[in-house]
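Commentary on secondary and tertiary structure
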Amino acid sequence: MSDSPLTITEDMVVSIEYVLRLEDGEEVERTDGDPLQFIQGMGQTFPKLEEALEGRTVGAKLEVKLLPEDAFGDYDEEDFDVLPISEFPDDVELAEGMFMELEDADTGMYLEAVITELRDDEVVIDFNHPLAGETLYFTLEVVGVRPATEEELDHGHVHDLNVNGQGH
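Cut-offs used in this document
Residues numbered from 1 in each chain as written. Predicted model: local features only at pLDDT ≥ 70, side-chain atom pairs only at ≥ 80, totals over all residues. Heavy atoms only, no water. Helix = DSSP H or I, 4+ residues; strand = E, 2+ residues; numbered from the N terminus. Rg over C-alpha atoms; globule rule 2.2 N^0.38 Å. Buried < 20%, exposed > 50% of the residue type's maximum accessible area, 1.4 Å probe, protein only. Contact = heavy atoms within 4.5 Å. Lys, Arg positive; Asp, Glu negative; His and termini not counted. Charge placed at Lys NZ, Arg CZ, Asp CG, Glu CD. Salt bridge = Lys/Arg side-chain N within 4 Å of Asp/Glu carboxyl O.

A closer look at the overall build of the protein
- A tally of regular secondary structure across the protein gives 2 helices and 9 strands.
- Along the chain direction, N to C, the helices and strands of the protein fall in the order β-β-β-α-β-β-β-β-β-β-α.
- The C-alpha radius of gyration computed for the protein amounts to 20 Å, which surpasses the reference 15 Å derived for 168 residues by more than 25%, pointing to a less compact arrangement than a globule.
- Projected onto its principal axes, the C-alpha coordinates of the protein cover approximately 65 × 35 × 25 Å.
- The 168 residues of the protein split such that 32% are buried.
- Excluding contacts between residues fewer than 6 apart, the proportion of contacts in the protein whose partners are at least 24 apart in sequence is 60%.
- The positive charge centre, built from 8 side chains, and the negative charge centre, built from 45, are 14 Å apart in the protein.

Examining the pattern of salt bridges
- This model, assessed by the stated rule, comprises 6 salt bridges.
- For Arg21, the salt bridge identified is with Glu27, shortest N-O distance 3.7 Å.
- Using a relative accessible area of 36% as the deciding quantity, one classes Glu27 as partly exposed.
- Among the ionic pairs, Arg119 bridges to Glu117, the shortest N-O distance being 3.2 Å.
- A relative accessible area of 33% means that Glu117 is categorised as partly exposed.
- Salt bridges sharing partners connect three or more residues here, namely Arg21, Glu27, Arg30 and Asp32.

In structure tokens, the structure reads:
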């Protein structure tokens, strides 16, 4: 085997540690020893993030700025719905700020939403991603790069292997 480090290219499993902040510096998320893993080129993360990582190797540290259109899109003032409270199960305690997954009756697809307002007999649901309209700032480090297995490529996601590809 060659001593040269593996480079991030299509079909490589990439493991990154990151801190995600907003424009005002507010920290939104960090990996804290549980790296994000994805297969480069399969659209499992933001395309601009993949683009910034292309050609990098383990140990690379970088900062990546993603504008709303490169991340969760602009906030859509019309992407909400008002539903009768009777459509929710009686045993679910609804609260403002609560995240939920709702099934679209027409398509059968599940949509993530947040309750933004509770009224006497109605629930206001916002379908925008919580980070829609935000510019995202990633400070990240590449902690692992390995070829994806055939099974991972067939299934379209990373399996439970460590960054060196060991174990199942």
